[in-house]
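The residues making up each chain are set out below.
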Amino acid sequence: MKQQVLVLYLNNSALDADVVAWAFYDGTGKTNPTTGDSDLPPYDTGTEALRDGWRLFQASQLIPPYPGHEYDTSFLKHEFWFEKLE
Amino acid sequence: MTTTKHLLTSVEMARFVANGFHRMDAIVPAELNERAIPEFDAGQQPHVDYGTPVKQAFPEGSISRALLDIPAVAGALQSLVGPDPTVDHHHVHVREPHEGAAQPLHADAIIDPRLDAFDVQLMYYPQEVTGTMGGTLSVPGSHLRRTNESDTGRYQNLRGQTRLTCPPGTVVLLHHGIWHGGRRNDSDIRRYMYKIRFNPTVPQVRTWDVSDLDDPQVAAELNVYHPWSEHATSRLEVYNRVKMWRALTNNPSFDVEYWATRVANRPGRV
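Residues numbered from 1 in each chain as written. Chains lettered and ligands numbered in written order. Predicted model: local features only at pLDDT ≥ 70, side-chain atom pairs only at ≥ 80, totals over all residues.

Colleague: Explain the interface of chain A and chain B residue by residue, including any values.
Modeller: If you look at the interface, chain A gives 23 residues, while chain B gives 31 residues. Counting residues per element, the side of chain A that touches chain B draws most heavily on strand 2 (residues 19–26) of chain A, which supplies five residues. Among the residues making up the side of chain A that touches chain B, the classes are represented as ten nonpolar, nine polar and four charged. The sheet contact formed by strand 2 of chain A and strand 6 (residues 157–158) of chain B spans two bridges and is antiparallel. Across the sheet, residue Ala21 of chain A finds its bridge partner in strand 6 of chain B, namely Leu158 of chain B. (Contact = placed C-beta atoms within 7 Å. Helix = DSSP H or I, 4+ residues; strand = E, 2+ residues; numbered from the N terminus. Nonpolar A, V, L, I, M, F, W, Y, C, P; charged D, E, K, R; others polar. Pairing = 2+ DSSP bridges.)

Colleague: Provide a residue-level description of helix 7 (residues 231–249) of chain B, including the pertinent values.
Modeller: Residue and element names in this part refer to chain B. A rise of 1.5 Å per residue sets the reference length of helix 7, with its 19 residues, at 27 Å; its end C-alpha atoms lie 27 Å apart and thus fit the reference within 8%. Among the residues of helix 7, those classed as buried are Glu237, Val238, Tyr239, Asn240, Arg241, Val242, Met244, Trp245 and Leu248. Buried residues in helix 7 make contact with helix 1 (10–19), helix 6 (216–222) and helix 8 (259–262). (Expected span 1.5 Å × (residues − 1). Buried ≥ 20, exposed ≤ 12 C-beta atoms within 10 Å, placed from the backbone.)

Colleague: How would you explain the sheet that holds strand 2 (residues 52–53) of chain B if you had to name every residue and give the values?
Modeller: All names here are of chain B. Spatial ordering of the open sheet is given by 1-8-4-10-3-2, a layout of six strands whose pairing is antiparallel. Of all strands in the sheet, those bounded by a partner on one side alone are strand 1 (21–24) and strand 2. Two elements, strand 4 (residues 120–125) and strand 10 (residues 191–199), share five bridges in a ladder whose sense is antiparallel. Bridging across to strand 10, Met123 finds its partner in Lys195.

Colleague: Give me the lowdown on the nonpolar core, citing residues and values where you can.
Modeller: In terms of nonpolar packing, the biggest core is built from 75 residues, with Leu8 of chain A together with Leu77, Val120, Tyr124 and Leu173 of chain B touching the most fellow members. If we skip the residues at most four places from it in the chain, Val120 of chain B touches Leu77, Leu80, Val81, Leu173, Leu174, His175 and Phe198 of chain B. (Core = buried A, V, L, I, M, F, W, Y, C linked by C-beta atoms within 7 Å.)

Colleague: Report on the pairing of strand 3 (residues 86–95) of chain B, specifying residues and quantitative values.
Modeller: Looking along a regular strand, one sees the side chains alternate between the two faces of the sheet. Residue and element names in this part refer to chain B. Sheet topology note: the strand 2/strand 3 ladder contains two bridges and is antiparallel. The residue bridging Pro53 from the neighbouring strand is Thr86, located in strand 3. Bridging between strand 3 and strand 10 involves nine bridges; their strand directions are antiparallel. The residue of strand 10 that forms the bridge with His93 is Met193.

Colleague: Describe in detail the environment of Gln4 of chain A, supporting the description with residues and values.
Modeller: All names here are of chain A. The residue Gln4 is located in strand 1 (residues 3–10) in this model. In this structure the C-alpha to C-alpha distance between Gln4 and Gly27, which are 23 residues apart in sequence, comes to 5.3 Å. If near-sequence neighbours (up to four positions away) are discounted, Gln4 is found in contact with Asp26, Gly27, Thr28, Glu83, Lys84 and Glu86.

Colleague: An account of the pairing of strand 8 (residues 170–175) of chain B is requested, with residue identities and associated values reported.
Modeller: Residues and elements named next belong to chain B. In terms of burial, strand 8 is a largely internal element, six of the six residues being buried. Covered by surrounding structure in strand 8 are Thr170, Val172 and Leu174 together with Val171, Leu173 and His175, the residues of both alternating faces. Here strand 1 runs beside strand 8; their pairing, made up of four bridges, is antiparallel. Looking at strand 8, one finds that His22 is bridged to Leu173. Relative to strand 8, strand 4 runs antiparallel, the two being bridged by six bridges. Paired with Leu122 across the bridge in strand 8 is Leu173.

See the structure below:
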């Protein structure tokens, strides 16, 4: 059994929010995804991926900003990891 | 650099502050583009020590000097980093045909959160870059995100990303912090990009043509939301651009949508 992993970055912390970024890693070897290979996400929202059979196995925690760094921006905040097994 | 003309306008500078790049398509003459690739292949680019003044780094007649003497390039560079920048480093980047993978998304050097100063990276593409040739991926507006080098490598694609295609002789000037990477080259053609990083040597304050500084389009440019950036964080991006614009214009009361003014209002407190 081999794992396919889909990472969706959403517009807010809700799973039904819009996808703003994405990544795909294919343990089956059937595809060879890489950086900058598509301008269109595979799904428009996180829940759309669920409806297509992807299983959510991790979501970002909501971490308050460190004092003094409330206005800093850094990594994408709302990261959701999905898998399919083949 | 030979000119103080062709400076960017305030609107163009604000667009750079919001997007992190200034692009000039087909700005380099054909004869220079035709010289470039054979010289790049021959490895004729001189070694340059960190912090070398431009004229000392690149002799008269060299491709690099000719590139920097193009009035539009000289004017844009002076607008962004001020006069007489030094050369940090330069390098010819090649994406080989069918090389299999892209670079991970990264920002160059190390994490660099300066808002009141910035380096500029010039990227020069001497040949036409088509969609399959691995043109540089970049993420407009990512330059103020505080991340270190390739720690962003996990991100493969972002809404609103730029997958560069361009005519020969295109030059892009980038803020040092922008997320970017060479894409996978799925073509049969070597893809060249020549990069020079510049460090400012003067305060980057009103170094462009400021005659349109009060144009309302300045605030409109700074207020753009990028499609990859989360809605709430995008407001913080505007806040940080306001901080940067205040430094660049030496105007501590400038604001967009009252973001910076509101949260600094503490009547009667010191």
